[in-house]
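# Structure assessment
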Number of protein chains: 2
Amino acid sequence: MTHVASAFYGSFFHAPVYGSFEYLENALIEVDERGTIARVLREGEPEHAEALAAHRTRGTLTELGANRYGLPGFVDIHVHAPQWPQAALALDEPLYLWLEQRTFPLESRFADLDFARTVYRDLVQQLMARGSTTTVYLGSAHLESSIELAAICAELGQRALVGKTVMDDPAANPDYYRDASPAQAVADTETLIREVEGIGRASRQGIWPVVTPRFIPSCTDEVLRGLGQLAERYGAYVQTHCNEGQWEHDVVLERFGKTDPYALRDFGLLREHSIMAHCPYLTDDEGEMFAELGVAVAHCPMANSYFSSAVAPIKRFRQQGINVGLGTDISGGYSPSMYENIRQAVLVSRLLETGVDAQRPADERGLGDARISLAEAFWLATAGGGQSLGLPVGTFEPGQAFDLQVVDVKRRDSDLTGFGVFDQPADRLARILYLATPDNVRKVYVQGRLVRDKDAE
Amino acid sequence: MTHVASAFYGSFFHAPVYGSFEYLENALIEVDERGTIARVLREGEPEHAEALAAHRTRGTLTELGANRYGLPGFVDIHVHAPQWPQAALALDEPLYLWLEQRTFPLESRFADLDFARTVYRDLVQQLMARGSTTTVYLGSAHLESSIELAAICAELGQRALVGKTVMDDPAANPDYYRDASPAQAVADTETLIREVEGIGRASRQGIWPVVTPRFIPSCTDEVLRGLGQLAERYGAYVQTHCNEGQWEHDVVLERFGKTDPYALRDFGLLREHSIMAHCPYLTDDEGEMFAELGVAVAHCPMANSYFSSAVAPIKRFRQQGINVGLGTDISGGYSPSMYENIRQAVLVSRLLETGVDAQRPADERGLGDARISLAEAFWLATAGGGQSLGLPVGTFEPGQAFDLQVVDVKRRDSDLTGFGVFDQPADRLARILYLATPDNVRKVYVQGRLVRDKDAE
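Residue indices follow the written sequence of each chain, beginning from 1 at its first position. Chain A is the first chain written and ligand 1 is the first ligand written, with later ones labelled in order. Per-residue local features of the predicted model are confined to residues with pLDDT of at least 70, and side-chain atom pairs are confined, for both listing and counting, to 80 or more; whole-chain, interface and lining totals are unaffected and use all residues. For side-chain calculations, the full set of non-hydrogen atoms in the structure is used, while hydrogens and water are omitted.

Strands here mean DSSP runs of E at least two residues long; helices mean DSSP runs of H or I at least four residues long; both are numbered from the N terminus. A tally of regular secondary structure across chain A gives 15 helices and 18 strands. A globule of 457 residues ought to have a C-alpha radius of gyration of about 23 Å, and chain A, at 22 Å, matches this closely. With the C-alpha coordinates aligned to their principal axes, the bounding extent of chain A is approximately 65 × 55 × 40 Å. For each residue, the accessible area found with a 1.4 Å probe, counting protein chains only, is set against the maximum for its type, and the residue is called buried under 20%, exposed over 50%, and partly exposed in between. Split into buried and exposed, the 457 residues of chain A put 69% on the buried side. Of the contacts made within chain A by residues no fewer than 6 positions apart, 71% connect residues no fewer than 24 positions apart. A total accessible area of about 14600 Å² is found for chain A, and carbon and sulfur atoms account for 47% of it. With 42 positive and 63 negative side-chain charges, chain A shows a separation of 5 Å between the mean positions of the two kinds. C-alpha atoms define the radius of gyration in this analysis, and the globule rule sets the expected value at 2.2 Å times the number of residues to the power 0.38. Whether two residues are in contact is decided by their heavy atoms, any of which lying within 4.5 Å being enough. Per-residue accessibility takes into account occlusion by the displayed protein chains alone, with areas from the Shrake-Rupley method and a 1.4 Å probe. For this count, His and the chain ends are skipped, Lys and Arg are scored as positive, and Asp and Glu as negative. To locate a charge, take NZ of a lysine, CZ of an arginine, CG of an aspartate or CD of a glutamate.

See the structure below:
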């Protein structure tokens, strides 16, 4: 039996069920020595007062404090770590120029481990400063710097899934930046799996390897087949881009006579908790296949606007029973903030519903019935991410890892109190999700451990 | 002849011409005692070094400092001041519920001057903390608190245009919150004009009154006619909502047998520098009329997504020669940040261009050729606002008011340096516009005077 090591007292928001949120006012969350939630005691429950008093006496109580709320740490399931230095850049460019002139030259620099360390440390810290406690990373095509990224996450205390990007096709990738051969790419990925599993075992919060073909157009058949076999052999996570844009859709269809999702499936890359980024072009049939296999969609609402010419229909995906999480997609999306991506997820879903061009009749420009609510977007960023990854994160429930961000709603330049007007829990949560700045996030805990404390700085 | 009182040395970005930006590296901006820019000296110009040395000797030099850039203060041309306490709330509601259950009850509270003072002081300070140096406000329907808003802006040093919202139709507005009669509404507006003109004359930066019918459906013919006459008599600014949504469009067409813009014109409300918020439904003909009259569109990209079921075609508006500025539209938009609205302006223009629903053919879902660039959005937020209002603000040019925000690109939780990668001026500006948080904005000057200094706090 595990021992209750500490307890957190305050008011918390989370979203255990898609479509609603729960407000735990003056609740007590008990956490065991491994950082797992042991009990959640609501105010008024028989044991609440007694347990609160006991923790106070023992000195094991942390109080969130006045004007503060606890939210689950965010789960960001799609981040290109080596693209962090170009976040916000060249979003006016078409994808091929963006790759050739910016992304490939930049990512190639991560052969330099010192450069990689500098960038990756900053990225992990910036994400945590904004409340992200679990992140799924695509590294560069380099084995060493990708392992280093996993080590940095372990050291800084962030829960992470880390892959080395595979891009081996000489016809599709520049000579200065690609895997040497399919065999080398598979061998490097296998080394990454073993090394990162080792880093994960030594960590408190967990670090996992991810098999990471960039996307089908970057890869040879041989490497895709080899990576599928590796994923099967190690029971590893898989991540890639899927159905992101029309060009990708057409290229894959021409090459294989089947669409992107079916091609990925047939290479063994669609497994339970495989993470498919973007997917705005996913058809109903493909969606059903995703739901059956337990594949997850990483919804990246910012990147959709820049690179997809369409918005992923998340409402339909959820109705089909697909696991969906939210991704910042640095740097296809510009922002490291899951708050900003929650806002975008809601906003673009409204435009997907109504359409955009007022000169077309209202019923001929949008999809209709496509909006997602703020509570749904909050779920995507927390519980939905946990469900997508099959990890016990994203809610405040017994058995879940205790990942917490403490939000102060009364900061000088960001007062989220509403001056006492409209002060229902839904209003408080809406203000936090729509209006919080990085400065409102004061403390961040991962697996019960304080990993960032802005109050102490 | 005016006397050069001070000078600012550093690197500046501005956008005097729509579609591009200008980078002034190590420039010297001389400002006279009234806060107007007297000279802009670029590095390498004959008088640059001499003037720099002279200001240093005289102690009249302010240096922006390392890792800092100067941007023009933002010009936010559409803000509902009394809606600040409900920013971020109820954006899932249809417009009529949003008005009935939230907005009208909230705005009615601004009969209480103490409440108004608390909210308005906070709002003005939050906007300035995010770099907004000129703001166009709609007050509540109350005369006194609207005058108080103007006084608060004068005191805190923000340049402002302030109106008292007129909504007199008993059939369209709740009894607890509307003008007592058309005559009273016109009389109150006239009082507001005189009082605010007085406040403006006593201010350094300028405060102006604005004739402010809420929108046609809230107003009787009599009041619209009276307000048009007032605007003419005093040469006053006018602001209202125009062509925001299908419902408004249909109601006005039914009532007058002509569309919203023509009805407003015929009441005398479309004058040079009249500010028409939203306008996604503006036709080509109506746009030409706007361009001829010098009417300005306040583009509110966030609010479009929630309340318009369409995106305003800004590229077309600019091609037609319409003045366009940017508005946060608190609280139809949730964010007080013009940075976030610049980002949204770009992002929704991409979706307007491509459409949103991937199940429709690519050429049948969007408007095509509708995107605006980041530099264009920057112009909208600065020079475009100044042009819309006919005020000398928004650029660093001789004769313009010196309104400056100083952006520090090297803050612990928001490093915008890009680690030395892609370090062209366009990259630096893109990082600032896409990634700056309120914390990156360190100092704000209006009319040459320091109105916020976070470094000193």
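What follows deals with unusual backbone geometry. Geometrically, the link from A:Ile330 to A:Ser331 is a cis peptide bond, its omega value of 0° lying close to zero. Notably, A:Phe419 is not glycine yet its phi reads approximately 55°, a positive angle. With respect to the helices and strands, A:Phe419 occurs in the loop between strand E16 (414-415) and helix H15 (425-435). Unlike most non-glycine residues, B:Asn243 shows phi in positive territory, near 50°. Here B:Asn243 shows up in the loop between strand E10 (237-242) and helix H7 (246-256). Given a relative accessible area of 0%, B:Asn243 falls into the buried group.

Pairs were defined over the aromatic rings of Phe, Tyr and Trp, the Trp ring being its six-membered one, requiring ring centres within 6.5 Å. Orientation was assigned from the angle between planes: stacked under 30 degrees, edge-to-face over 60, tilted for the rest. Under the criterion given, the structure shown has 40 aromatic pairs over all chains. Centroid distance A:Tyr306 to A:Tyr334: 6.4 Å. Interplanar angle 70°. Geometry classified as edge-to-face. A residue pair is termed long-range when its members are at least 10 positions apart, and A:Tyr306 in helix H10 (residues 301-308) and A:Tyr334 in the loop between strand E13 (323-326) and helix H12 (338-354) qualify at 28 residues. You can call A:Tyr306 buried: its relative accessible area is 5%. Ring geometry for B:Phe402 versus B:Tyr445: centroids 6.4 Å apart, planes at 55°, classification tilted. In this pair, B:Phe402 is assigned in the loop between helix H14 (383-389) and strand E14 (404-408) and B:Tyr445 in strand E17 (residues 441-446), connecting sequence segments 43 residues apart. Among the residues examined, B:Phe402 registers a relative accessible area of 0% and is labelled buried.

If you look at the interface, chain B gives 74 residues, while chain A gives 74 residues. Here the quantity called buried area is the accessible surface, traced with a 1.4 Å probe, that two parts lose on coming together, added over both. Counting each side, the surface lost to burial between chain B and chain A is near 6300 Å², with a carbon and sulfur contribution of 55%. When the buried area of chain B at its contact with chain A is split by residue, B:Val356, B:Asp413 and B:Phe419 rank highest and sum to 11% of it. A pair is scored as a salt bridge if a Lys or Arg side-chain nitrogen falls within 4 Å of a carboxyl oxygen belonging to Asp or Glu. Counting across the chain B and chain A interface gives 12 salt bridges. For the salt bridge of B:Asp413 with A:Lys454, the shortest nitrogen-to-oxygen distance reads 3.7 Å. Residues adjacent in sequence count toward polar contacts only when both atoms are side-chain atoms; beyond that, a polar contact is any pair of N or O atoms within 3.5 Å, and within protein one must be able to donate a hydrogen and the other to accept it. Applying the counting rule to chain B against chain A returns 32 residue pairs in polar contact (both at pLDDT 80 or more). Those elements that provide at least two residues to the side of chain B that touches chain A are helix H2 (95-108), helix H3 (113-129), helix H10 (301-308), helix H12 (338-354), strand E16 (414-415) and helix H15 (425-435) of chain B. If one sorts the elements of the side of chain B that touches chain A by residue count, H12(B) sits on top with 10 residues. For this classification, Asp, Glu, Lys and Arg are treated as charged, while Ala, Val, Leu, Ile, Met, Phe, Trp, Tyr, Cys and Pro are nonpolar and the rest, including Gly, are polar. Within the side of chain B that touches chain A, the residues separate by chemical class into 34 nonpolar, 17 polar and 23 charged.

This part covers the relation of the copies chain B and chain A. Overlaid copies result from least-squares superposition on C-alpha atoms, with residues included only where pLDDT is at least 70 in both. Between chain B and chain A, the superposition needs a rotation of 180° and an axial shift of 0.0 Å, giving an RMSD of 0.0 Å. A rotation of that kind, with that shift, is consistent with a two-fold axis. In terms of C-alpha distance to the rotation axis, chain B has B:Arg365 as its closest residue, with the C-alpha 3.0 Å off the axis.

Okay, the environment of A:Ile314 next. Summarising the element assignment, A:Ile314 is placed in helix H11 (residues 314-319). C-alpha separation for the pair A:Ile314 and A:Arg204, spaced 110 residues apart in sequence, amounts to 33 Å.

Residue and element names in this part refer to chain A. Only a pair of cysteine sulfur atoms within 2.5 Å counts as a disulfide in this structure description. This structure, assessed with the given rule, holds 0 disulfides over all chains. Cysteine 219 forms no disulfide, and the closest cysteine sulfur to it belongs to cysteine 242, at a distance of 13 Å. Here cysteine 300 stays free of any disulfide, with the sulfur of cysteine 279 as its closest cysteine sulfur at 9.0 Å.

Attention now moves to the side chain of B:Asp168. Residues and elements named next belong to chain B. Examined against the element boundaries, aspartate 168 turns out to sit in the loop between strand E8 (159-166) and helix H5 (182-202). For aspartate 168, which is buried and forms no salt bridge, the nearest opposite charge comes from arginine 255, at a distance of 7.1 Å. A distance of 2.5 Å separates the side chain of aspartate 168 from the side chain of threonine 220, its partner in a polar contact. Aside from chain neighbours lying at most four places away, what touches aspartate 168 is Asn173, Arg178, Asp179, Ser181, Pro182, Ser218, Cys219, Thr220 and Val223.

With that settled, the discussion passes to the confidence of the model for chain A. A score from 0 to 100, pLDDT tells how confident the predictor is in each residue. Counting all residues, the mean pLDDT for chain A is 97, and 100% of those residues have values of 70 or more. Scoring of the predicted complex yields 0.98 for pTM and 0.97 for ipTM.

Residue and element names in this part refer to chain B. Relative to each other, H3 and helix H4 (residues 143-156) sit at 40°, their axes nearing to 9 Å. In terms of their interaxial angle, H3 and H4 are classed as oblique. In the crossing of H3 with H4, the sense of the turn from one axis to the other is right-handed. In this structure, H3 uses Leu113, Ala116, Arg117, Tyr120, Arg121, Val124, Gln125 and Met128 to contact H4, whose residues at the interface are Glu144, Ser145, Glu148, Leu149, Ile152, Cys153, Glu155 and Leu156. Class assignment for the residues of the contact of H3 with H4 results in 9 nonpolar, 2 polar and 5 charged. Angles run from 0 to 180 degrees between N-to-C directions of axes, and those axes are lines fitted to C-alpha atoms, restricted for helices to the stretch in contact. If an angle is under 35 degrees, it is roughly parallel; if it is over 145, roughly antiparallel; if it lies from 65 to 115, roughly perpendicular; otherwise it is oblique. In this scheme the crossing of two helices becomes right-handed for a clockwise turn of the near helix relative to the far one and left-handed for an anticlockwise turn of less than a right angle.

Counted under the stated rule, the structure contains 80 salt bridges over all chains. With its nearest N and O atoms 3.0 Å apart, the salt bridge here joins A:Arg265 to A:Asp266. Residue class for A:Arg265 comes out partly exposed when judged on its relative accessible area of 34%. What makes A:Asp266 partly exposed here is its relative accessible area of 42%. Across the salt bridge formed by B:Arg68 and B:Asp455, the nearest N and O atoms sit 2.7 Å from each other. Taken together, the positions of B:Arg68 in strand E5 (residues 68-72) and B:Asp455 in the segment after strand E18 (449-453) put the pair 387 residues apart, joining distant regions of the chain. A single salt-bridge network, built from bridges that share partners, covers A:Arg68, A:Asp408, A:Arg411, A:Asp439, A:Arg442, A:Lys443, A:Asp453 and A:Asp455.

Next up on the list: H2(B). To obtain the bend at a residue, axes are fitted to the seven residues ending there and to the seven starting there, and the angle between these axes is taken. Considering bend angle alone, the principal kink of H2(B) is centred on B:Arg102 and spans about 35°; proline B:Pro105 follows within four residues of it. Turning to H2(B), its buried residues number three or more, namely B:Trp98, B:Leu99, B:Arg102, B:Thr103, B:Phe104, B:Leu106, B:Glu107 and B:Ser108. Where the residues of H2(B) are buried, they touch H15 of chain A together with strand E6 (74-80), H3 and H10 of chain B.

Moving on to the environment of A:Glu286. Residues and elements named next belong to chain A. With respect to the secondary-structure elements, glutamate 286 resides in helix H9 (residues 284-293). Separated by 108 residues in sequence, glutamate 286 and arginine 178 have C-alpha atoms that sit 30 Å apart. Among all residues touching glutamate 286, those that are not within four sequence positions of it are Asn243, Thr259, Pro261, Tyr262 and Tyr281. Among the polar contacts made by the side chain of glutamate 286, one reaches the side chain of threonine 259 at a distance of 2.5 Å. Among the polar contacts listed, one links the side chain of glutamate 286 to the backbone nitrogen of threonine 283, at a separation of 2.8 Å.

With that out of the way, let us pick up the side chain of B:Glu190. Following the sequence through the fold, B:Glu190 ends up in helix H5. Aside from chain neighbours lying at most four places away, what touches B:Glu190 is B:Leu230, B:Arg233 and B:Tyr234.

The next subject is the environment of A:Asn243. Along the sequence, A:Asn243 and A:Tyr281 sit 38 residues apart, while their C-alpha atoms lie 5.3 Å from each other. Apart from residues no more than four positions distant in its own chain, A:Asn243 is found in contact with A:Glu248, A:His249, A:Asp260, A:Pro261, A:Cys279, A:Pro280, A:Tyr281, A:Leu282 and A:Glu286.

To continue, consider the pairing of strand E11 (residues 275-278) of chain B. Residues and elements named next belong to chain B. When E10 meets E11, the two strands line up parallel, connected through 4 bridges. Paired with cysteine 242 across the strands is histidine 278, a residue of E11. Across 3 bridges, the pairing between E11 and strand E12 (residues 296-299) is parallel. In the strand pairing of E12, isoleucine 275 is matched with alanine 296. With strands facing away from the observer, any crossover in which the path from the first strand over the helix to the second runs clockwise is taken as right-handed. The parallel pair E11 and E12 is bridged by helix H9 (residues 284-293), and the resulting crossover is right-handed. Note: two strands are recorded as paired if DSSP finds a minimum of 2 bridges between them.

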